[in-house]
Structures are given as structure tokens and as C-alpha cells.
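Here is what each chain is made of, one letter per residue.
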Amino acid sequence: MSEIEKYDATSIKVLEGIEAVRKRPAMYIGDISEKGLHHLIEEVVCNSVDEAMGGFCDNITVKLNIDGSVMVLDDGRGIPVDEHQEMKKPALEVVMTTLHAGGKFEGKSYKVSGGLHGVGISVVNALSEWLEVEVRRNGHMYVQRYERGETKTALEERGATKKKGTKIIFKPDSSIFETVEISYDIVKKRIRELAFLNKGLCITIIDERTDTEEIFKYDGGIKIFIEEMNKGKDLIHKDVIHFEGKEKDIAVECAMQYNDGYSESVFSFANNINTIEGGTHLSGFRTALTRTLNMYAKNAKLLKDGKAPTGDDYREGLTAIISVKVPEPQFEGQTKTKLGNRDVQGLVEALANEHLSTYCEENPKSARIIVGKVLEASRAREAARKARELTRRKGALSGSDLPGKLADCSSDDVESTELFIVEGISAGGTAKQGRDRRNQAILPLKGVILNVEKARVEKMLNNEEIRTLISAIGTGIGIDEFDPEKLRYGKIVIMTDADVDGAHIRTLLLTFFFRQMPELIDRGNIFIAQPPLYKIKRKKRQEYVYGDKELQDSLINIGIDEAVVETCDKESIKLSGDKLKKFLGLLEKMEEYNWHFIKKKQQSKKSLSFREYLEKNENGNFPKYRVAYNGHEKYIFSDDELNRLVKELQEQKGDDVEVKSVDEENDTNGKDSIEVQEYHESGEIANTVKMIEKEGFKAEDFFKGLEENAPPRAKLVYDDIASDIYSLGELLPNIKELGKKGLDIQRYKGLGEMNAEELALTTMNSSSRTLLRVKIEDAIKADETFTILSGKDVKQRREYIETHALDVKNLDI
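Since the model is a prediction, treat every value here as computed from it, not as a measurement.

What counts, and at which threshold
- Residues numbered from 1 in each chain as written.
- Predicted model: local features only at pLDDT ≥ 70, side-chain atom pairs only at ≥ 80, totals over all residues.
- Heavy atoms only, no water.
- Core = buried A, V, L, I, M, F, W, Y, C linked by side-chain atoms within 4.5 Å.
- Buried < 20%, exposed > 50% of the residue type's maximum accessible area, 1.4 Å probe, protein only.
- Domains from an automatic or database assignment.
- Contact = heavy atoms within 4.5 Å.
- Salt bridge = Lys/Arg side-chain N within 4 Å of Asp/Glu carboxyl O.
- Helix = DSSP H or I, 4+ residues; strand = E, 2+ residues; numbered from the N terminus.
- UniProt positions renumbered as here; feature names shortened; annotations may be inferred.
- Patch = residues over 30% accessible without salt bridge, like charges linked within 9 Å, V, L, I, M, F, W, Y side chains within 5 Å.
- Areas by Shrake-Rupley, 256 points an atom, 1.4 Å probe, with all protein chains shown as cover.
- Phe/Tyr/Trp six-rings, centres within 6.5 Å; stacked < 30°, edge-to-face > 60°.
- Lys NZ or Arg CZ within 6 Å of the ring centre and 35° of its normal.

A.B. asks: Sorry, what's going on with the nonpolar core here?
C.D. replies: Phe-170 and Ile-321 are the most contacted members of the largest nonpolar core, which totals 60 residues. Counting only domains with at least three residues in this core, you end up with domain 1 (20-218) and domain 2 (220-363). With sequence-adjacent residues up to four places away left out, Phe-170 is seen in contact with Leu-40, Ile-41, Val-44, Ser-69, Val-70, Val-124, Ser-128, Trp-130 and Leu-131.

Given below as C-alpha cells:
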């Protein structure tokens, strides 16, 4: 057995302990916001992907569970479970509880890895409320549980298995993170990316909360990635240029294709990590691209004036992916956003030179079209330079000669100043009256601005509104002239109406910033104002509401203000105010669990309904497992109880008794197998039920009203009128209806519907407004979205509208 194939306790190297992680989590995962939360999932998934890169894993499943926990399952080798000689404990426990302990430091068990800092899974464990790991290895299943990084149970063997791999279920600790709400879209984006970068790897994502499942498997790898990115764009050559090579254990793969657009979409990856700041691999590719195509153009006598195009010209309309797999990558910092290996640059450059030269020789027609596109870009760049000089002479791009329609502020402190880009002259007038003249400037735009997705720079510079915008911002545009240090305002705020026209203008402005000033987005200078969507009035009470969910919350709050809920028992308990609000939150959770069990029942007749599950309650605990064996069915409340059952059956039938999960694809159950269905949400359900009982109700009261002649479970008192509540499930909708009584709801469509005082209070005043900062979390998805919404392909835009038609709310017709 070679060293790369040997993977046991000797592969695990220990560097230091784990104590500081919970005290300073941001040091290890960047921050404790949504970004840090999702970093936990990426750490676990990337461990499985590392197994796939080593050739040991073909399938990964990621499941977002109803209780807020996350499961990651792979069919790799399984984490070693034999004793670690140095630590005198199982290697699995060492990996899970010791910082900088893993099999990736010596390059023996893993040739290539994305998790070379080695803090991954131990940090996930430390920042989780609980974590359970299940290893299938050497024909046996092993399980262990941890809580907040500490070992809770000893490593237990749980029956035989024909499968291999690792399953990790963890619940992020709500006492650490600002939010523990997992975003399906963020997880899906990264999983899709990993599937593209590792051709043939199948990654499944399941969201129990919404009953969503998607499978990502791309045998074509990054070639398919390029085709997806160029969907809806007019291609100038149909074939994707693809090449790959390997030298000194460094693997390089590249795919590229040109479209007739004017922007560059080039993305680089190192060991599956998106190096958003580029690095040596990207530099090598760009150098080779310019040099090789220039040489071809010169030899083919396509350069009529003898002047070679620049690198910028060669990147116009280019879509490319560069992916390298490096045994010892040198990243800049823990965030791993820039690759620094010098040898990688030379290797990528040599490989790209060789393959691009070969491509041009073998595909002269495509090569000539590409060079033609580049020469056109070069001529356009020269025309844009002349247009820029002309407009500068007119003063349109000079920061010292500001546009007349701009109402500037008096402060020169860039950090504190704000530019509001307002839709329409009328709204601009209202905004000028409501602003703080010291630090808020107003720039009203007339009509719909130019769609820069379809226009070259010279045409863009001939557009009055675009010139006005560039002049007001002060940075200039273009790679040669854009200077963020000349930015005149710390915040640039897009403030448009909450209707179709406002959304259109906002999209066009975002397209402009994304294509012409992306660095302002990266620096966090671009914002979207959030004017209120509704004004609600009741008696003397008035408030502004910014979204539909907030409106529903407001209706509940208004209903709660004057409502009282009383139990129907002899010792009546009354709920009102904050106590009633918390109680309704518990009922919302019960509704989610009920929906989840309904879905499970639809998938399998063996599954219980939520009502049946609640009836299995024993002393406040609910089943953690349902097991079926030898024609029997049993509900089990703990891991210890399940382990005992497995051992009893092993004593009766031998050590080959196999434990199988109903959630995974299984062979036909044999007579010596145990079928296990896990209810990992049992602990959360138990906590919810305990809090409901604390308020004088029982869990079954959620369903009681379903029976005929059932007595009421509670009374809802409102305006001295009492109504009977027969099941707790009907309490929340009843309170919402009460909240609507006597309520005047005004839907705002335009900024002009508010006076200056209202606009200032709700949208402009820094102490009471809400601003959305524009960020690029997924540059590939953003590029695709702008192409769909603002590009030339009308058919693709129609398909997008038809697909999302049912998601639209408050459509103005």
C-alpha cells in the first residue's frame, strides 16, 4: 500500500489545542455573521471534496434539517478511528477536538487539499451546539457525539456496514452567531461551484425546510461551467477552448470562450477555493493569452497598422475559468483569496501558450474571429479615449466642474458624505427639501438611463445622464482612468420608486456600477435606499412598514397589543403582550414541524404524522430513532439505547448485524439488519413542547379542535369580546385578523407620494432609515443575472420572467 493510500491514525499530526476558538471565533472563520455561519458548512463539505480530489469519494450529500442543523455525508474512506499513539485516544476524537490536527500537513494522505490550515472540522465542532459524527470504515460503523467542542460520548461501534464514508451532523451555536438561519441559495451556490470544479463528483443538496432537492454532477467539468456562464450571450465561436496538464504534482485546467459582449468574466480557483483577488495562476494565464494571440495575429498578418492590441482588448468579451490543484499552496491569509506560488505562474503560462498556439493553428477560422473581435475592441478603446478627451474638454468628466442638476453638500469629508441618486426631477425636489445639507447631496436623473450592457464606452459617454453620474461621483471610468481615491462621496445611494419603473431604473444603475465601477461595490460604497412600502394607521397609532413580512409581523403585534389568551382550565393562565408574542412564536415552530412530518408521511407510509409522534412522548422526551428489525418496530429515545439494542442483536446473530438508515439508498433489508429512521429534531421538539406546557397548554392542544364536540382549549379576549379557540393551530390566524380591524393600510408606489418630512424620516435620516449595502457574493451568478436582465437575448429574458412570474408581489399594471 502506497503512502497516499495509507490513511490511519499515523496520518494525523497534532500541532496545538482548541481552547481559544469559542472565545475568539472570528479569528478562525472570519466573522460571526451570516458569512461565518456558512463558512462552517464549507469547511465540512470541503473535507469531503478533498476525499474526492484524492480519488476516494464519488458522492456527497448536504442536508439542511428542519431543526437548523446541517448534515454532510460522503462515501470516502471515513475518518480514522484507531488509537492515536501520541494522544492516546481515537484518531477521530483527535481530529474533532484538537486544533491543527488532520491528515493534510505532510502531503501523504492527501496530495491536494483546500483545507490546508487544518482548523476546519475542529473549529466547526467548537462553534456548534452539538455535533454527531458517524464513520463507516473497515466494515463497521462508529459513532460519537460532541457538545460545544467537548467530547460527550465515547467512540462506540454500532453494527456492521457494507458502506464507507463519513456523516457529520452539526447545529451552529446560537450563542456564538448573530444568526443561525442557513441560506439555501448560499450553500447551493458553493456546492454547484464545487461540482463544476470536480468533474464526475455528484453533490446533492436537500432542504428539509422547503422540501427542495437538487443534484449537481458535471462530467464535462469547467467546460460545462463556461457554457452555463455564456448562456444567453451571442458567441463569436461555438467551441469552448479547453486544456489541462500536470507537472510537479501541480494540475492546471482552463476553459475559455468569447462572446460579443464588452465585459470580462474570468474566474480563478486554487484547490477549489475561489481566489477572488487572483494570483499567480491568473497572471500566468493573462500573460499567455496576450502574448500567444498577438503572435498569431502578427504571423497571420492581421495587424494592419502593426500596432498590437493590449491585454485589456484581449479580455473584452472573454469568459474563462482557470483552476489549479497545488500540493503546497501559498495563500495570502486565512481567507485564501490570492494565490502566491511563483512556480504556478510559469507553469500556467507555458501550458496556456502551448495549447492556445495549437488551437489557433488547428482552428484558424475561430482564431481569426477572436482576433477580429480583439481588434474591434482596440479600435473602440481608441474611440473611447477620444470621446473621453472630448467630454473632458467640455467639462463633463471633470470633478471640478460639477453638473448643474447636482445639489451638493457642504462637507468635504468623503467618509461622512452621501450622494442620493433619485429617480425623477419631482422626487429630486422633495429629497432636496428633506436632506441634511451638511453631508447629503442629491442627483436627480431624468427618465430611464442608458443600458450599458448593450453599449460600448464611446456611446455611453455620449449619454447625458451617464456623463452627469460619472462627473458627480468623481472617480472616472475605465481601467486606465478609474481612481477610487477621487471618490467624492463615501456612500452612493440609489433611491428609486417601489414600482416597476423604479425597479427598472435601479437595475440599470446597478448594471452600470457592476460593469463600469465594480471596485466601488467591492469597497462597499454602493447602497440601495429602502423607502417604506406601507403606511399603516389605526386610531392614533401610525407606523411605516418596509416589506410584506414586516407587514404580517405588524398585524400580529397590533393584534397582540389588545388581545388576551386564557386557558380553559380551572386555574386559568392569561397570556398577553410579550408573553403572548413568544407563545405565538412557539406555535409557528409547531406548524413548521407539522408540515415537515406531513412531507415525510407522503414520502414513506412508515413515517408517523406529527400528532402520532407527539403521542410517543415519555416523561417529556420524544423518540430519537424508529428502528425496525425481525418484523418488530420500536421507538428509541437515546444513542445508548440504540447501541444496546445493536449489541444484543449481535450477541444473538453474530457481529455482521448491519444498521441501515431509511434516509439513504439501501439494498434489500436482510433478516439480520436493523432499519433506522432518525428524528434529529427530537431535542428541538421537546424544548418547544416544554415551553408550551409552561404556559398552561399541552402539545396535543395544537390538534384538539379537529375532533367533533371537543371542548375549547382557550379563550381569545379582544375588546371585551371573548371567542373560543378549539385548537392552538387556529390562534395565530385569528390574531392576525384582529390586527386588521379598523386598520388603514396605504401602499406607497413612488417617492413623490411622501412629503419631504416623511421622506427624510423613513428613507434619508441616518438614525431611522434602512439602507441595503450592495455586495457581490457570487460574481458568476451576478454576471449571469445582469446578462439576462439587461442583455440582448430577449428569449432568455422572457423565459426568466415566465419562470419567476408567480413570485411577483404588488405588480403595478
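Picking up after the structure, the text goes on.
A.B. asks: Sorry if this is basic, but what is going on with the pattern of salt bridges here?
C.D. replies: Scanning the model with the defined rule gives 44 salt bridges in all. Residue Arg-22 is joined to Asp-173 by a salt bridge in which the shortest nitrogen-to-oxygen separation is 2.9 Å. Separated by 151 residues along the polypeptide, Arg-22 in the loop between strand S1 (13-14) and helix H1 (26-29) and Asp-173 in the loop between strand S11 (165-172) and helix H5 (184-197) bring together distant segments of the chain. Notably, a salt bridge pairs Lys-535 with Glu-758, separated by 3.1 Å at the nearest N-O pair. With Lys-535 in strand S23 (residues 534-538) and Glu-758 in helix H22 (residues 756-764), this pair connects stretches of sequence that are 223 residues apart. This pair shows no difference in class: Lys-535 is buried, exactly as Glu-758 is. Taken together, the shared-partner salt bridges in this structure form one network comprising Glu-132, Arg-145, Glu-147, Lys-152, Arg-158, Lys-624 and Asp-639.

A.B. asks: How should the UniProt feature "binding site: Mg(2+) 2" (unreviewed entry) in the protein chain be read in this particular structure?
C.D. replies: Under the local residue numbering, the UniProt record ascribes the feature "binding site: Mg(2+) 2" (unreviewed entry) to Asp-497 and Asp-499. Note that Asp-497 resides in the loop between strand S21 (491-495) and helix H14 (500-516). With residues up to four places along the chain from it excluded, the contact list for Asp-497 reads Glu-423, Gly-502, Ala-503, Arg-506, Lys-749, Gly-750 and Leu-751.

A.B. asks: Would you take a moment to explain a nonpolar patch on the surface for this structure?
C.D. replies: Judged by side-chain polarity, Leu-789, Tyr-800 and Ile-801 come together as a nonpolar surface patch covering roughly 260 Å² of accessible area. Tracing the chain through its elements places Ile-801 in helix H24 (residues 794-803).

A.B. asks: Is there a simple way to think about the packing of aromatic side chains in this case?
C.D. replies: Tallied over the full model, the rule gives twelve aromatic pairs. Between Phe-512 and Phe-513, the ring centres sit 5.4 Å apart and the planes meet at 65 degrees, which makes this aromatic pair edge-to-face. Looking at Phe-512, the relative accessible area reads 0%, which means it is buried. Looking at Phe-513, the relative accessible area reads 0%, which means it is buried. Measuring from centroid to centroid gives 5.2 Å for Phe-702 and Phe-703, while their planes differ by 80 degrees, and the two rings are edge-to-face. Residue classification places Phe-703 among the buried residues on the basis of a relative accessible area of 7%. Members of the aromatic cluster, joined through ring pairs, are Tyr-593, Phe-597, Phe-610, Tyr-613, Phe-622, Tyr-679, Phe-702 and Phe-703. Between Arg-77 and the ring centre of Phe-56, over which it is positioned, the NZ or CZ distance is 3.8 Å.

A.B. asks: I would appreciate a short explanation of the environment of Asp-656 in the present structure.
C.D. replies: Along the chain, Asp-656 turns up in the loop between helix H19 (639-653) and strand S29 (658-661). Taking C-alpha positions, Asp-656 is 8.6 Å from Ser-673, a pair spaced 17 residues apart along the chain. Setting aside residues no more than four positions away along its own chain, Asp-656 makes contact with Ala-160 and Asp-672.

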